[in-house]
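# Descriptive structure summary
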Amino acid sequence: MIDENRKRILVTGGAGFLGSHLCARLIAHGHDVLCVDNFYTGSKANIAHLLDKPRFELMRHDVTFPLYVEVDEIYNLACPASPVHYQHDPVQTTKTSVHGAINMLGLAKRVKAKILQASTSEVYGDPQVHPQPESYWGHVNPIGIRSCYDEGKRCAETLFFDYFRQHQLRIKVARIFNTYGPRMHPNDGRVVSNFIVQALRGDSLTVYGEGQQTRSFCYVSDLVDGLIRLMNSGDDFTGPVNLGNPGEFTILELAHKVIEVTRSTSVINYLPLPSDDPTQRQPIIELARQKLGWEPTVNLEQGLRYTVDYFRNLLERE
Ligand SMILES: NC(=O)c1ccc[n+]([C@@H]2O[C@H](COP(=O)([O-])OP(=O)(O)OC[C@H]3O[C@@H](n4cnc5c(N)ncnc54)[C@H](O)[C@@H]3O)[C@@H](O)[C@H]2O)c1
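The sections below set out a description of the structure shown in this document. Computed from a predicted model, the values in this text were never measured in an experiment. Per-chain numbering applies: the sequence of each chain, read as written, is numbered from 1 onward. Reporting in this predicted model follows two pLDDT cut-offs: at least 70 for local features of residues, and 80 or more for side-chain atom pairs to be given and counted; totals over whole chains, interfaces and linings ignore these cut-offs and use all residues. The side-chain values count all of the structure's non-hydrogen atoms but skip hydrogen atoms and water molecules.

### What to know about the packing of helix α4 (residues 90-111) against helix α5 (residues 147-167)
Simply put, an axis is a line fit to the C-alpha atoms, just over the touching stretch for a helix, and the angle between two N-to-C directions goes from 0 to 180 degrees. To qualify as a helix, a DSSP run of H or I must reach at least 4 residues; to qualify as a strand, a run of E must reach at least 2; elements of each kind are numbered from the N terminus. Where α4 contacts α5, the axes come no closer than 8 Å and their chain directions differ by 15 degrees. Relative to α5, α4 is oriented roughly parallel. In this structure, α4 crosses over α5, and the sense of that crossing is right-handed. Across the interface between the two elements, Pro90, Thr93, Thr94, Ser97, Val98, Ala101, Ile102, Leu105, Gly106 and Lys109 from α4 touch Cys148, Tyr149, Gly152, Lys153, Cys155, Ala156, Leu159, Phe160, Tyr163 and His167 from α5. We call Asp, Glu, Lys and Arg charged. Ala, Val, Leu, Ile, Met, Phe, Trp, Tyr, Cys and Pro are nonpolar, and the rest, Gly among them, are polar. Taken together, the residues that form the contact of α4 with α5 break down as twelve nonpolar, six polar and two charged. By definition in this entry, angles of less than 35 degrees are roughly parallel, angles greater than 145 are roughly antiparallel, angles of 65 to 115 are roughly perpendicular, and the rest are oblique. Put simply, a crossing is left-handed when the front helix is turned counterclockwise from the back one by less than a right angle, and right-handed when it is turned clockwise. Working rule for contacts: check all heavy atoms of both residues, and any pair within 4.5 Å makes them a contact.

### Brief notes about the pattern of salt bridges
Salt bridge criterion: a side-chain nitrogen from Lys or Arg within 4 Å of a carboxyl oxygen from Asp or Glu. According to the stated counting rule, one finds 13 salt bridges in the structure shown. For Asp32, the salt bridge is made with Arg6, and the minimal N-O distance between the two is 3.1 Å. Of this pair, Asp32 sits in strand β2 (residues 32-37) while Arg6 sits in the segment before β1 (8-12), and the two are 26 residues apart along the sequence. Residue Lys7 pairs with Glu73 through a salt bridge whose shortest N-O separation is 3.0 Å. Of the two residues, Lys7 is situated in the segment before β1 and Glu73 in strand β4 (residues 73-76); the sequence distance between them amounts to 66 residues. For Glu73, a relative accessible area of 4% translates into the label buried. Here the salt bridges share partners, and the residues they tie into one network are Lys257, Glu301 and Arg305. For each residue, the accessible area found with a 1.4 Å probe, counting protein chains only, is set against the maximum for its type, and the residue is called buried under 20%, exposed over 50%, and partly exposed in between.

### Some thoughts on the sheet that holds β4
Strands belonging to one sheet form pairs held by backbone hydrogen bonds; the direction of such a pair is parallel or antiparallel. Note: two strands are recorded as paired if DSSP finds a minimum of 2 bridges between them. The strand order across the open sheet built from seven strands is β3-β2-β1-β4-β5-β6-β11, with neighbouring strands paired in parallel fashion. The open sheet has two edge strands with one neighbour each: β3 (56-60) and β11 (241-243). Across this sheet, the average inter-strand angle for adjacent strands is 20 degrees, counted without regard to direction. Examined bridge by bridge, β2 and β3 share five bridges and lie parallel to one another. Among the inter-strand pairings, Asp37 is bridged to a residue of β3, identified as Arg60. The sheet strands contacting helix α1 (residues 17-28) are β1, β2, β3, β4 and β6 (171-176), and the helix crosses β1 at an angle near 170 degrees. On top of the sheet, α5 reaches β5 (114-120) and β6; it is set at about 155 degrees to β5, its chief contact.

### Regarding the site of the ligand
Throughout, near means a residue has at least one heavy atom within 4 Å of the molecule or strand. Around the ligand sit 31 residues in total, of which Leu18, Asp37, Thr41, Tyr149 and Lys153 are the nearest. Polar contacts, as counted here, are pairs of nitrogen or oxygen atoms within 3.5 Å of one another; within protein the pair requires one atom able to donate a hydrogen and one able to accept it, and residues that are adjacent in sequence qualify only if both atoms are side-chain atoms. In the environment of the ligand, an oxygen atom lies 2.6 Å from a nitrogen or oxygen atom belonging to the side chain of Asp37. Alone, the ligand offers 820 Å² of accessible surface; in the complex the protein occludes 98% of this. Of all the secondary-structure elements, those providing two or more residues to the shell around the ligand are α1, α4, β5 and α5. Looking at which element gives the most residues to the shell around the ligand, the answer is β5, with three residues. Classifying every residue of the shell around the ligand gives 14 nonpolar, 13 polar and four charged. Accessibility throughout is a Shrake-Rupley quantity obtained with a 1.4 Å probe, and a residue counts as covered only by protein chains that appear here.

### What to know about the side chain of Thr307
Mapped onto the elements, Thr307 comes out in helix α10 (residues 300-317). With residues near it in sequence (within four places) discarded, Thr307 still touches Tyr180, Gly181, Pro182, Ile196 and Tyr219.

### Description of helix α7 (residues 220-231)
Helices are assigned an expected span. That span is 1.5 Å times one less than the residue count. Taking 1.5 Å per residue as the helical rise, α7 with its twelve residues ought to reach 16 Å, and the 17 Å between its terminal C-alpha atoms agrees with that figure. Burial analysis of α7 places nine of its twelve residues in the buried class, which makes it a mostly covered element.

### As for the state of the cysteines
Two cysteines, two sulfur atoms, one covalent bond between them: this is a disulfide. Cysteine sulfur atoms are paired as a disulfide whenever they fall within 2.5 Å. For the coordinates displayed, the defined rule picks out zero disulfides. With no disulfide of its own, Cys155 lies closest to Cys79 among cysteine sulfurs, the gap being 12 Å.

### Thoughts on the nonpolar core
Only buried residues count toward a nonpolar core, which is a set of Ala, Val, Leu, Ile, Met, Phe, Trp, Tyr and Cys residues joined through side-chain atoms within 4.5 Å. Tyr75 and Leu304 are the most contacted members of the largest nonpolar core, which totals 61 residues. Those residues in contact with Tyr75 that lie beyond four places of it in its chain are Ile9, Leu10, Val11, Thr12, Leu22, Leu26, Leu116, Leu227, Ile228 and Met231. Listed in part, the 25 residues of the second largest apolar core include Leu10, Val36, Leu67 and Leu105.

### Let's talk about the pairing of β5
On a regular strand, one side chain projects to one face of the sheet and the next to the other, so that they alternate. Across the seven residues of β5, seven count as buried, placing the element largely inside the fold. Judged by which residues are buried, β5 turns out to be covered on both faces: Lys114, Leu116, Ala118 and Thr120 on one side and Ile115, Gln117 and Ser119 on the other are all buried. Sheet topology places β4 next to β5; four bridges connect them, and they run parallel. When the bridges of β5 are listed, Tyr75 appears paired with Leu116. Bridge count for β5 against β6 is six bridges, and the pairing is parallel. If you follow Gln117 over to β6, its bridge partner there is Val173. Here, the term right-handed applies to a crossover whose path from the first strand over the helix to the second runs clockwise when the strands point away from the viewer. After leaving β5, the chain enters α5 and then returns to the sheet as β6, a path that is right-handed.

Everything listed here is a matter of coordinates, which is why it stays silent on function.
This is how it looks when you write it as structure tokens:
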């Protein structure tokens, strides 16, 4: 018997941090998942636990090239997400966002699939409005070293909305804010993984300036829940919609929490503040609350405990 609710779902970037959690959740919901990844920043280890599931399929493929498969839904997550990774080969980063979007939108059009774009809070650039609502157009440098990511993602959003207007595609655009959890890269320079690895190794935690700049941190299970709710929302809701945790913490508070959760003896090492370090990053999530009935449920301390357990195991195996 055919199960009407069982869908064939493509997840690009499915072997990455967010993608691997999304694939697992979709399989748990009873769907068939095709994970497409070129392993640029993702790894087989991230999806090793899914490889023997009959509903999971893995394909090595670069989204900058066209793809011909039969699917009902596409989650387009392929793109290196941390500055260290996306600045390593900036031309490839722009290609992945722009050519990747064109190829996946072309596929969605051919097979009439619904398609979701993993966009980012970075489309707001160095914002002059705090916190950021979806209606804010951003303040982005088009020629800087972050532009390959920020402008690539902005152009991808443009393509999604042009396919929506021109070809009546069913699109969804999520603007994801800082998310953390197990399977983050240990060396990608992001503050949560940096602090946890430093604390577990007993090294000092590097804080820039006085650590009074604030950030918000969304735990991965909450984010995945938001992405799925967005995909399942009515066809009249396209987004863009902010997905993130509005809870605001100073970097210094985060450092102390990590030291507490890891029970580390590490101390804090203060370094001068880099010039491009934003003082505040915080989402407004009213639209997600209203349209998706979504809000984060995992608090920072709980999320840090899960993440620390992961990194502790990882470092023990090194
Ligand atoms: N993690 C966050 O805090 C965050 C915040 C905002 C937006 N996002 C977006 O969410 C998505 C996933 O981010 P993540 O944190 O899981 O990063 P990640 O680097 O762990 O995952 C990205 C995945 O895409 C794959 N990939 C890269 N280029 C590709 C290509 N050309 N073809 C096929 N696969 C390719 C990588 O190998 C990797 O598996 C990205 O699009 C990112 O921009 C993430």
